[in-house]
Amino acid sequence: MMQAVIMAGGKGTRLAALTKDEIPKPMVPVAGKPLLLWQVERLKENGITDIIMVIGHLGDKIKEYFGDGEKFGVSIRYFEETEPLGTAGSFYYLKDMIHGDRFVMMSGDLFFDIDFQRMIHFHEEKGAVATLFVHPNGHPFDSDLLVLDHDDKITAFDSKHNVRDYWYENCVNAGIFVFEKKICDYVPEPVKRNLENDVIKGMLEAGEPIYGYCSPEYVKDVGTVDRVNQTLADIERGVIAGKCLKNKQRCIFMDRDGTINQYKGLVYKEEDFTLEDCTVDAIRKINQSGRLGIVITNQPVVARGLCGIEDVENIHKKMETLLGKEGVFLDDVFYCPHHPDKGYPEENPAYKIPCECRKPKTGMIQKAAERYNIDLSGSWMIGDTTMDIQTGINAGMRTALVLTGEAGNDKKYDVKPDLVCKDLLDAVEKILQID
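Model, not experiment: these values are computed from the prediction. (Residues numbered from 1 in each chain as written. Predicted model: local features only at pLDDT ≥ 70, side-chain atom pairs only at ≥ 80, totals over all residues. Heavy atoms only, no water.)

Help me out: how do you make sense of the side chain of threonine 386 in this one?
Position of threonine 386 among the secondary structure elements: in helix 11 (residues 386-394). Among the polar contacts listed, one links the side chain of threonine 386 to the backbone nitrogen of tyrosine 413, at a separation of 3.1 Å. Excluding anything up to four places from it in sequence, threonine 386 contacts Gly408, Asp410, Lys411, Lys412, Tyr413 and Val415. (Helix = DSSP H or I, 4+ residues; strand = E, 2+ residues; numbered from the N terminus. Polar contact = N/O pair within 3.5 Å; in protein donor to acceptor, adjacent residues only side chain to side chain. Contact = heavy atoms within 4.5 Å.)

Listed below in structure tokens is the structure:
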């Protein structure tokens, strides 16, 4: 049976207005009950009922409330730090408390609702020693970021203290993990250790397989009063449970060139990428709606030999950086590097035609639907060409044509969109009014 470890020893200085130093940070009330109880209930819903709580400051308050966990339908044991051991020093002792080969772990200041079994399956399928739950957020510019390869393997950490004179992917560690028990071997003595800087980076340098599980599900650090209030607002809006991937998701798929960014023909240089004026406001509305926002784009510039894969991905990093600076984010980006009439050079046969991903085929959309449990019949495709509209129709979605970019003048397909809109913002507003 899978076990869970909750790091519940935080003092919560930034939450002093709510805790008044009478309760520890993880016991801060959220919508009428302690944050830790929300966590325990979510774990129980996922079949995880064997819980270890690492406690410290005012830890007796946690023990008094939860006891052995029986009245909450779980089993709870405690490890009490007599002196602060950081976010990983307690692993020295946990190795004797963890029974199985792997366990899930989370920070005690998180409000979340996620499908743990999906994350655990990812961890097992990858053969990972450590899997970090990662997601985009609305402030990547002041967040520690992770760099992932095409297989979701973590290759580097990008500290928020770095001078970022480069474009970057909006990929943030959310504070939920799946670990093999052998991680405890990386803490050979009971001293203060930082989980990311001391342990996970050390594992990475040792060549251990460490992966990032990318998910749009709701995970929020509620370590400040403002974030508690944001979470309360999200609870009232009813968007939290709906984002759990146990539930079918609704998505707004968007074309890139001519829809999100200004149409300038084939964009293969980062300096040619410029957001449409309305894009930030449009994506903010998608983020607030609880729907997924995913880009689906053909990029034949690779097959044409105008640029390489790394150039396309750098343009996408620019897109994510520009959006992140405005507090908005995309849930994912899918692109097809093929060209219908021109194969890639022989030394790169993977990019030769035929392919199943190039629009108006639905390969990219089907991949997104499988990854994020998307209900395509309840989703939309927005684009500036008849090819985009045909793609949406082929995938069983409703469609919106925007009058930016090519404005439907490609005339490759004889199709009728469900909506004709001024621009991306107009399309998103009308879609949200309809649904």
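How do you make sense of the packing of aromatic side chains when you look at a structure like this?
All told, the structure shown has 15 aromatic pairs when counted by the stated rule. Seen from their ring centres, phenylalanine 79 and tyrosine 93 are 4.8 Å apart, and the 25° between their planes marks the pair as stacked. Note that phenylalanine 79 is positioned in strand 5 (residues 75-80) and tyrosine 93 in helix 4 (residues 91-94), a separation of 14 residues in sequence. Using a relative accessible area of 33% as the deciding quantity, one classes tyrosine 93 as partly exposed. On the basis of an interplanar angle of 90° and a centroid distance of 6.3 Å, the ring pair of phenylalanine 111 and tyrosine 218 is categorised as edge-to-face. With phenylalanine 111 in strand 7 (residues 110-113) and tyrosine 218 in strand 13 (residues 218-221), this pair connects stretches of sequence that are 107 residues apart. (Phe/Tyr/Trp six-rings, centres within 6.5 Å; stacked < 30°, edge-to-face > 60°. Buried < 20%, exposed > 50% of the residue type's maximum accessible area, 1.4 Å probe, protein only.)

Explain the pairing of strand 1 (residues 3-8) here, please?
Residues in a regular strand point their side chains to alternate faces of the sheet. In terms of burial, strand 1 is a largely internal element, six of the six residues being buried. Neither face of strand 1 is open: one carries Gln3, Val5 and Met7, the other Ala4, Ile6 and Ala8, and all of them are buried. By the bridge criterion, five bridges tie strand 1 to strand 6 (residues 102-107) in an arrangement that is parallel. In the strand pairing of strand 6, isoleucine 6 is matched with methionine 106. (Pairing = 2+ DSSP bridges.)

What's the story with a negative patch on the surface in this structure? I'm lost.
On the surface, a cluster of negative charge is contributed by Glu270, Glu271, Glu310 and Asp311. Its place among the elements puts aspartate 311 in helix 9 (residues 309-325). For aspartate 311, a relative accessible area of 32% corresponds to the partly exposed category. (Patch = residues over 30% accessible without salt bridge, like charges linked within 9 Å, V, L, I, M, F, W, Y side chains within 5 Å. Areas by Shrake-Rupley, 256 points an atom, 1.4 Å probe, with all protein chains shown as cover. Salt bridge = Lys/Arg side-chain N within 4 Å of Asp/Glu carboxyl O. Lys, Arg positive; Asp, Glu negative; His and termini not counted. Charge placed at Lys NZ, Arg CZ, Asp CG, Glu CD.)

Is there a simple way to explain the pairing of strand 8 (residues 130-135) in this structure?
Counted residue by residue, strand 8 has six buried out of six residues, so it is predominantly covered. Taking every second residue as pointing to the same face, both faces of strand 8 are buried, with Ala130, Leu132 and Val134 on one and Thr131, Phe133 and His135 on the other. Of the pairings in the sheet, the one linking strand 8 to strand 12 (residues 210-214) comprises five bridges and is parallel in character. Its bridge partner lying in strand 12, valine 134 is registered against cysteine 214.

Mind showing me how you'd approach unusual backbone geometry here?
Keep in mind that most residues, glycine aside, have a negative phi and that most peptide bonds are trans. Each neighbour pair has its own omega, and for lysine 359 with proline 360 the value is 15°, a cis peptide bond. You can see proline 360 is positioned in the loop between strand 16 (332-336) and helix 10 (363-372). One non-glycine residue with positive phi stands out, namely alanine 407, at about 50°. Here alanine 407 shows up in the loop between strand 18 (398-402) and strand 19 (419-421). One non-glycine residue, lysine 411, lies in the positive phi region at around 50°. Along the chain, lysine 411 falls in the loop between strand 18 and strand 19.

For this particular structure, what's the right way to read the pattern of salt bridges?
Once the charged atoms of two side chains with opposite charge are near each other, the side chains can pair. In the structure shown here, the tally under the stated rule is 24 salt bridges. Of the charged contacts, one joins arginine 256 and aspartate 257 as a salt bridge, the two residues approaching to 2.8 Å between their closest N and O atoms. Of the two residues examined, arginine 256 and aspartate 257, each falls in the buried class. When the shortest N-O distance is used, the salt bridge between aspartate 435 and arginine 291 registers 2.8 Å. One end of the pair, aspartate 435, is in the segment after helix 12 (424-434); the other, arginine 291, is in the loop between helix 8 (279-289) and strand 15 (292-298), with 144 residues separating them in the sequence. Aspartate 435 sits in the partly exposed class, given a relative accessible area of 31%. One salt-bridge network, in which partners are shared between bridges, spans Arg102, Glu124 and Glu180.

Looking at this model, I keep getting lost on the sheet that holds strand 19. Mind explaining?
Backbone-to-backbone hydrogen bonds join strands into a sheet, with any given pair of strands oriented parallel or antiparallel. Across the sheet, six strands lie side by side as 16-15-14-17-18-19; this open sheet has parallel pairing. The open sheet terminates on both sides in strands that have one partner only, identified here as strand 16 and strand 19. The sheet shows a mean angle of 20° between the axes of neighbouring strands, direction not considered. Sheet strands in contact with helix 12 are strand 14 (251-254), strand 17 (380-383), strand 18 and strand 19, and its direction is about 140° off that of strand 19. (Axes fitted to C-alpha atoms, helices over the stretch in contact; angles between N-to-C directions.)

Looking at this structure, I do not really get helix 6 (residues 195-205). What am I missing?
In an α-helix there are 3.6 residues to a turn, and that puts residues three or four apart on one side. Restricting attention to buried positions, one finds in helix 6 the residues Leu195, Val199, Ile200 and Met203. When helix 6 is viewed along its axis, its buried side chains cluster within an angular range of 80° and face the same direction. On its buried face, helix 6 is in contact with helix 4, strand 6, strand 8, strand 10 (154-158), strand 11 (172-180) and strand 12. Sitting at the amino-terminal end of helix 6 is asparagine 194, which places a side-chain oxygen 3.1 Å from the backbone nitrogen of glutamate 196. Once helix 6 ends, the next one or two residues include glycine 207, with phi positive near 85°. (Arc of directions from axis to C-beta.)

Explain the packing of helix 2 (residues 35-45) against helix 3 (residues 59-66) here, please?
Between two packed helices, the angle of one axis relative to the other and the distance separating the axes together describe the packing. Relative to each other, helix 2 and helix 3 sit at 50°, their axes nearing to 11 Å. As the angle between them shows, helix 2 and helix 3 are arranged oblique. In this structure, helix 2 meets helix 3 at a crossing whose hand is right-handed. Between helix 2 and helix 3, the contacting residues are Leu36, Leu37 and Val40 on the first element and Ile62, Tyr65 and Phe66 on the second. A per-class count over the contact of helix 2 with helix 3 returns six nonpolar, no polar and no charged. (Parallel < 35°, antiparallel > 145°, perpendicular 65-115°, else oblique. Left-handed = near helix turned anticlockwise from the far one by under 90°. Nonpolar A, V, L, I, M, F, W, Y, C, P; charged D, E, K, R; others polar.)

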